[in-house]
Amino acid sequence: MTKAPVFLSLAAIVVLIAEAVAQQAVPPAPDPAVVESGTGVYRQYCSSCHGDQGQGAPDWQRPNAAGDLPAPPHDSTGHTWRHADGALYQLVMEGWRDPFNRTDRLTMPAFADVLAPTDVRAVLDFLKTLWTPDQRLSQFELSRTDPYPPEAR
Amino acid sequence: MTMIPHRGLFSRLLTLSLVAVAALALEPAAQGQEAPATQAVVGLAYNAADNVLIRALPNAVFRSRDEGVTWDHVGPPIESGAVAALALTAGAGVYVAGPGIGVLRLGDNGDWISGNGDLPSLNVTALTAHADQPQTLYAYIPESGIFRTRDGGGVWQLMDRGPPDIRRLLHSNMPGSMETGWLYAVTGAGLQVSMDCFCLWRAIGADVIAEATAIAFDPGDPTRFFAASDSGLFRSTNGGQDWVALVPPATQITALLVMSSGTLIAGGADGLLFRSLDDGVTWEAVGD
């Protein structure tokens, strides 16, 4: 048996592996059905605070009259993309209070008793469609070490 | 060459004495000796495990194992540039940074190792270590922004532009962050804070603190902060939202540190250190 076929086979394997690795480095395309479901969840539960287009409350970077920060945007002008899937999921389920707020109210209400885990996953996947490619890639890399919990996958 | 005219023995002795005094005045400080007291303290750190107090001046770093009575010079060798910041990691790694020197790490053998990695320049004007993650540090380059390393200085990633004119950075593990903590910045326009996800920078203490020069938090209670400005010293018990004025020591404070015991250390523009054991009410000089 000549060495040429062996060499070509090995080269082909290397190329296939390289392509597979390259594909792993980009976020997977969102499931259209999940995004559609998430759009509905957003409109019903999120848009009243975060805006119908994810643009956030007016003047969201300044405390309101009560001394609390208004709801931030979820689109590319916001900072949602700076958090991993797991962190975002936990924040939606458990809520969060900004310690710099003047009131004791939760800054972000908790939805654990309102939304199913897969609904939270769906709305977060919808939000990802509002980001730039670089933001999606950055958030994807963050989420490698902090993914959605099993119940949301 | 102009000869100095001599007019007898007394005149010659006087002349020689004046020349000797002038020569001593012009001689530069030797390596290993205490730096001139007129250099400002630019950074303070405390290794609680080994009871080591660390003080950084623009041209040298010193360590004390007897609470500031005596000091050992530990470098770094500086050919050009100056130390502008000192950071002690959660793993007791000692780092300095400054324009012209970039980021340097003190090695186990006492040598200084480059921590510049892939930073775009050596013009690092602020540095801080993550309060909990031993390999995470943040460095500020004015023309670029805030960089983060998670491997002790090998790979740096530009995280955020940050507010303009950052002079000091401080990472705190105060609870309540969406991520792993908070970044406080002493800027030319006052104090600013952001969660370490860089989600939003906001001004704090603007109504009481102008021209801030230093900031520190209590590792035993990360909601307690101390900040200094040209006009005084201030304390906050709620992460920097509200501040009360304290009586500062007799120096223009350029660096602050809260030790694990709660002892407050202030470093001044004159290179001197002061210590308060009662939360800033009274002060004593360190080393006396």
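Each value, and the rule that gives it
- Along each chain, residue indices are assigned from 1 in the same order as the chain's sequence is written.
- Chains carry letters from A onward and ligands carry numbers from 1 onward, assigned in written order.
- Local features in this predicted model are restricted to residues of pLDDT 70 or higher, and side-chain atom pairs are both shown and tallied only at a pLDDT of 80 or more, whereas totals for entire chains, interfaces and linings draw on every residue.
- Each side-chain value is worked out from all heavy atoms of the structure, with water and hydrogens disregarded.
- The buried label applies to any residue whose accessible area, calculated with a 1.4 Å probe on protein chains only, is under 20% of its type's maximum; exposed applies above 50%, and partly exposed to all values in between.
- What counts as a helix is a DSSP run of H or I of at least four residues, what counts as a strand is a run of E of at least two, and both are numbered from the N terminus.
- Here the rule is simple: two strands pair whenever DSSP picks up at least two bridges between them.
- Disulfide assignment relies on a single distance test, namely cysteine sulfur atoms paired within 2.5 Å.
- In what follows, residue pairs with any heavy atoms lying within 4.5 Å of each other are defined as contacts.
- Once two parts are joined, some of their accessible surface, as seen by a 1.4 Å probe, is lost; buried area is that loss totalled over both.
- Throughout this description, the term salt bridge denotes a Lys or Arg side-chain nitrogen within 4 Å of a carboxyl oxygen of Asp or Glu.
- Just so you know the grouping, Ala, Val, Leu, Ile, Met, Phe, Trp, Tyr, Cys and Pro go in nonpolar, Asp, Glu, Lys and Arg go in charged, and all remaining residues, Gly too, go in polar.
- Angles run from 0 to 180 degrees between N-to-C directions of axes, and those axes are lines fitted to C-alpha atoms, restricted for helices to the stretch in contact.
- Centre distance within 6.5 Å is the pairing criterion for rings of Phe, Tyr and Trp, where only the six-membered ring of Trp is used; planes under 30 degrees apart are then read as stacked, over 60 as edge-to-face, and the remainder as tilted.

Caption draft 1: The pairing of strand β21 (residues 253–258) of chain B, seen in detail. Residue and element names in this part refer to chain B. Most of β21 sits inside the fold, with six of its six residues counted as buried. When β21 meets strand β22 (residues 264–268), the two strands line up antiparallel, connected through five bridges. Paired with leucine 257 across the bridge in β22 is isoleucine 265. Here β21 folds back onto β22 in antiparallel fashion, the turn holding five residues, of which glycine 262 has a positive phi close to 100°.

Caption draft 2: Main features of the pairing of strand β17 (residues 212–218) of chain B. All names here are of chain B. Of all seven residues that make up β17, seven are buried, and the element is covered over most of its length. Both β17 and strand β18 (residues 221–229) contribute to a ladder of six bridges, which runs antiparallel. Opposite alanine 212, over in β18, you have serine 229 as the bridge partner. Two successive antiparallel strands, β17 and β18, enclose a turn made up of two residues.

Caption draft 3: Broad picture of the state of the cysteines. Enumeration according to the criterion identifies one disulfide over all chains in this entry. Each disulfide pairs two cysteine sulfurs, and for Cys197(B) the partner residue is Cys199(B), the sulfurs being separated by 2.4 Å. Given an S-S torsion of about -135°, the disulfide between Cys197(B) and Cys199(B) has left-handed geometry. Owing to a relative accessible area of 5%, Cys197(B) belongs among the buried residues under this scheme. Relative accessible area serves as the criterion here: at 9%, Cys199(B) is assigned to the buried category. Its sulfur unpaired, Cys46(A) is 8.7 Å from the next cysteine sulfur, which belongs to Cys49(A). Using a relative accessible area of 46% as the deciding quantity, one classes Cys49(A) as partly exposed.

Caption draft 4: The interface of chain B and chain A, seen in detail. The interface is formed by 22 residues belonging to chain B together with 16 residues belonging to chain A. Buried area between chain B and chain A, both sides added, is near 1500 Å², and the carbon and sulfur share of it is 59%. Two residues, Arg202(B) and Asp98(A), come together in a salt bridge whose shortest N-O distance is 2.7 Å. At the level of elements, β12 (156–160), β14 (182–187), β15 (190–195) and β16 (202–204) of chain B are the ones that each hand at least two residues to the side of chain B that touches chain A. Here the residues of the side of chain B that touches chain A sort into 13 nonpolar, five polar and four charged.

Caption draft 5: Representation of the sheet that holds β12(B) within the structure. Residues and elements named next belong to chain B. In space, the four strands of this open sheet follow the order β9-β10-β11-β12, with antiparallel pairing throughout. Of all strands in the sheet, those with a lone pairing partner are β9 (126–129) and β12, marking the two edges. When the angles between neighbouring strand axes are averaged without regard to direction, this sheet yields 25°. The sheet contact formed by β9 and strand β10 (residues 137–141) spans four bridges and is antiparallel. Note that in β10 the partner of threonine 128 across the bridge is tyrosine 138.

Caption draft 6: Examining the packing of aromatic side chains more closely. Tallied over the entire structure, the rule returns six aromatic pairs over all chains. Plain terms: the ring middles of Tyr42(A) and Phe126(A) are 5.4 Å apart, the flat faces sit at 50° to each other, and that makes the pair tilted. With a gap of 84 residues between them, Tyr42(A) in helix α2 (residues 32–45) and Phe126(A) in helix α5 (residues 117–128) connect regions that are remote in the sequence. Phe126(A) sits in the buried class, given a relative accessible area of 12%. Seen from their ring centres, Phe217(B) and Phe225(B) are 5.8 Å apart, and the 40° between their planes marks the pair as tilted. This pair shows no difference in class: Phe217(B) is buried, exactly as Phe225(B) is. These aromatic residues form a ring-pair network of at least three members: Tyr184(B), Phe217(B) and Phe225(B).

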